[in-house]
Amino acid sequence: MKPNAMILGIETSCDETAAAVLRADGAILAEAVFSQLKEHAAFGGVVPEIAARAHVQHLPGLVAGVMAKAGIGYAALDAVAATAGPGLIGGLIVGASFAKGVALAHGLPFIAINHLEAHALTVRLPGLVPSGAPAFPYLLLLLSGGHCQCVLVEGLGRYRRLGSTLDDAVGEAFDKAAKLLGLPWPGGPHLERLAGSGDPAAVHLPQPLLGRAGCDFSFSGLKTAVARAVAQGQARREDIAASFQAAVAAVLADRAAHALAMAPGVTALVVAGGVAANGAVRLALEGVATARGLPMLAPPLRLCTDNAVMVAWAGLERLRSGVSDSLAFNPRPRWPLTELVPLAEAGA
Ligand code: KG4
Ligand code: ZN
């Protein structure tokens, strides 16, 4: 791969339409994200058919925009990468088909990206974290609205899932608790703001699976307890919010500590996903990492949530290993990380 290879990345797996142009040295030449918040807010969650239509509507303009900002034509690209799963099938088809069309028209390799791998590799983007890219293996805690899992990242294409949620994803739990507290969707950031003026010790809430072996998660019992506290009407809303947030942070810290014990020799605890934005969660996880002498690394917030820079970077990592995909590759709504094929790394 040329040291200055350039790639177009496309993300359409959920409710963010995103495109980015990246150079192999890590330079982000252009990036754009269109968040479909307004489209879905009235429904209190992502509506798959509306999401797919919004991707169709916004992706072409977004791609034209990043290409113009990068100041290059399609002929200057070395590859096109798009998220091909896991996610909502309508959106995946829109993004992957668009990328295949560009690849076909300009004779470029097409790279089908696993969305979870893209989250897992983001911290390796040169210059992203001040201490430098962590070496393999590292532990990834993926904390988003759709995913909640502990993954041992052993190398490119080499992932071991150590634990995952038995019911709701952690972002989903934040959103449901926020809804019970009468906050708008998506509720995570609103709940954090409300919790800021509350007492985290005021309401007794369960801490599901705390201390239990392994590093699976469970949040549905906590949500039920929040519903009960709201219905009883005795506690202040801000106290319920603060107590909920504290319970989640305690559970995540406990699970992360267990995961680290299951993965000796890791170089870092890496956190990604929208919930990584939460101050109480970050603080708790930082404590766990520090206690083991490890750094806690998180991409900057805009690259923690769904974006196309991470897709483009995963594409470059794959391109560097000599990998591309057939235009016949069908998007996969379910695509566990553990089904990826281990790849040799070419270069650092
Ligand atoms: O990674 P993300 O942007 O999208 C996917 O789910 O793929 O994560 C969004 C989730 C939402 O559930 C949102 O409420 C939650 O992350 N979130 C937060 C905060 N910011 C976003 N949860 C708690 N505190 C926050 N500050
Ligand atoms: Zn995601």
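Scroll up to find the structure.
Predicted, not measured: the structure shown is a model, and the values here were computed from it. (Residues numbered from 1 in each chain as written. Chains lettered and ligands numbered in written order. Predicted model: local features only at pLDDT ≥ 70, side-chain atom pairs only at ≥ 80, totals over all residues. Heavy atoms only, no water.)

Focus: the overall build of the protein chain
Each helix and strand counted, the protein chain has 11 helices and 10 strands in total. By the compact-globule yardstick of 20 Å for 348 residues, the protein chain fits well, its C-alpha radius of gyration being 20 Å. With the C-alpha coordinates of the protein chain rotated into their principal frame, the extents come out at 65 × 45 × 30 Å. When each of the 348 residues of the protein chain is scored for burial, the buried share is 52%. The contacts in the protein chain between residues at least 6 apart in sequence include a share of 73% that link residues at least 24 apart. Looking at the protein chain as shown, the accessible area adds up to about 13,700 Å², and 57% of this sits on carbon and sulfur atoms. Considering the protein chain, the positive charge centre built from 26 side chains and the negative charge centre built from 26 side chains are found 1 Å apart. (Helix = DSSP H or I, 4+ residues; strand = E, 2+ residues; numbered from the N terminus. Rg over C-alpha atoms; globule rule 2.2 N^0.38 Å. Buried < 20%, exposed > 50% of the residue type's maximum accessible area, 1.4 Å probe, protein only. Contact = heavy atoms within 4.5 Å. Areas by Shrake-Rupley, 256 points an atom, 1.4 Å probe, with all protein chains shown as cover. Lys, Arg positive; Asp, Glu negative; His and termini not counted. Charge placed at Lys NZ, Arg CZ, Asp CG, Glu CD.)

With respect to the site of ligand 1
Taken together, 16 residues surround ligand 1, and among them Gly145, Asp175, Glu192, Gly274 and Asp306 come closest. Glycine 188 has a polar backbone atom sitting 3.0 Å from an oxygen atom of ligand 1. At 2.9 Å from an oxygen atom of ligand 1 is found a main-chain nitrogen or oxygen belonging to glycine 274. Alone, ligand 1 offers 560 Å² of accessible surface; in the complex the protein occludes 87% of this. Structurally, ligand 1 is housed in the largest pocket. If you list the elements that add at least two residues to the shell around ligand 1, you get α5 (170-180) and α6 (188-195). (Near = heavy atom within 4 Å. Polar contact = N/O pair within 3.5 Å; in protein donor to acceptor, adjacent residues only side chain to side chain. 1 Å grid on protein atoms, 1.4 Å probe; cavity = no way out; pocket = protein on both sides within 12 Å on 5 of 7 lines; lining within 4 Å. Sits in = over half its atoms within 2 Å of the grid points.)

Comments concerning the pairing of strand β5 (residues 110-114)
For β5, a buried count of five out of five residues is recorded, marking the element as mostly surrounded by other parts of the structure. Side-chain alternation along β5 places Phe110, Ala112 and Asn114 on one buried face and Ile111 and Ile113 on a second face that is also buried. Two elements, strand β4 (residues 79-85) and β5, share five bridges in a ladder whose sense is parallel. Bridge assignment links alanine 82 to a residue of β5, and that residue is alanine 112. Of the crossover connections in this fold, the one passing from β4 over helix α3 (residues 89-106) to the parallel β5 is right-handed. (Pairing = 2+ DSSP bridges. Right-handed = clockwise from strand over helix to strand, strands pointing away.)

Observations regarding the sheet that holds strand β10 (residues 296-297)
Within a sheet, adjacent strands bond to each other through the backbone by hydrogen bonds, running parallel or antiparallel. Pairing is mixed in the open sheet, where five strands are placed in the order β8-β7-β6-β9-β10. Pairing within the sheet leaves two strands with one partner each, and these edge strands are β8 (158-164) and β10. Of the pairings in the sheet, the one linking strand β7 (residues 148-155) to β8 comprises six bridges and is antiparallel in character. If you follow leucine 152 over to β8, its bridge partner there is arginine 160. Relative to the sheet, helix α8 (residues 237-262) contacts β6 (138-143), β7 and β8, its axis offset from that of β6 by approximately 155°. (Axes fitted to C-alpha atoms, helices over the stretch in contact; angles between N-to-C directions.)

Comments concerning the side chain of histidine 40
Structurally, the position occupied by histidine 40 is in helix α1 (residues 37-41). Sequence-distant contacts of histidine 40, that is, excluding residues within four places in its chain, are made with Asp15, Gly45, Val46, Val47, Ile50, Ala51 and Trp185.

Quick word on the layout of surface pockets
If you add up the space inside the largest pocket, you get close to 1,200 Å³. Lining the largest pocket are 41 residues, and of these Ser144, Gly145, Gly146, Asp175 and Pro186 sit closest to its centre. Those elements giving two or more residues to the lining of the largest pocket turn out to be α4 (115-121), α5, α6 and α10 (301-304). Residue contributions to the lining of the largest pocket peak at six residues, all from α5. The space that makes up the second largest pocket amounts to roughly 320 Å³. (Points joined across faces, edges and corners; volume = space filled by probe spheres on them.)

Focus on the coordination of the zinc ion (ligand 2)
Reference geometry at the metal: tetrahedral coordination by four donors gives ideal angles of 109.5 degrees; octahedral coordination by six donors gives 90 or 180 degrees. Around the zinc ion (ligand 2), the protein supplies His115 (NE2), His119 (NE2) and Asp306 (OD) as donor atoms, at distances of 2.1 to 2.2 Å. Sequence spacing of the donor residues for the zinc ion (ligand 2), all on one chain, is H-x3-H-x186-D. On the criterion of sequence distance, the pair formed by histidine 119 in helix α4 and aspartate 306 in the loop between α10 and α11 (309-320) is long-range, its members being 187 residues apart. Taking the relative accessible area as the measure of exposure, histidine 119 reaches 3% and is therefore buried. (Donors = N, O, S within 2.8 Å, 3.2 Å for Na, K, Ca; no water.)

Structural notes on the environment of leucine 104
For leucine 104, the position within the fold is in helix α3. Of the residues examined, leucine 104 reaches a relative accessible area of 62% and is grouped as exposed. Placed 210 residues apart in sequence, leucine 104 and alanine 314 show a C-alpha to C-alpha distance of 20 Å.

A short note on helix α7 (residues 220-232)
With 13 residues, α7 extends 19 Å from end C-alpha to end C-alpha; this agrees with the ideal 18 Å at 1.5 Å per step. Buried residues of α7: Leu222, Ala225, Val226 and Ala229, and no others. The buried residues of α7 all sit within an arc of 105° when viewed along its axis, so they share a single face. Trailing α7 by a residue or two, glycine 233 shows a phi angle of about 70°, which is positive. (Expected span 1.5 Å × (residues − 1). Arc of directions from axis to C-beta.)

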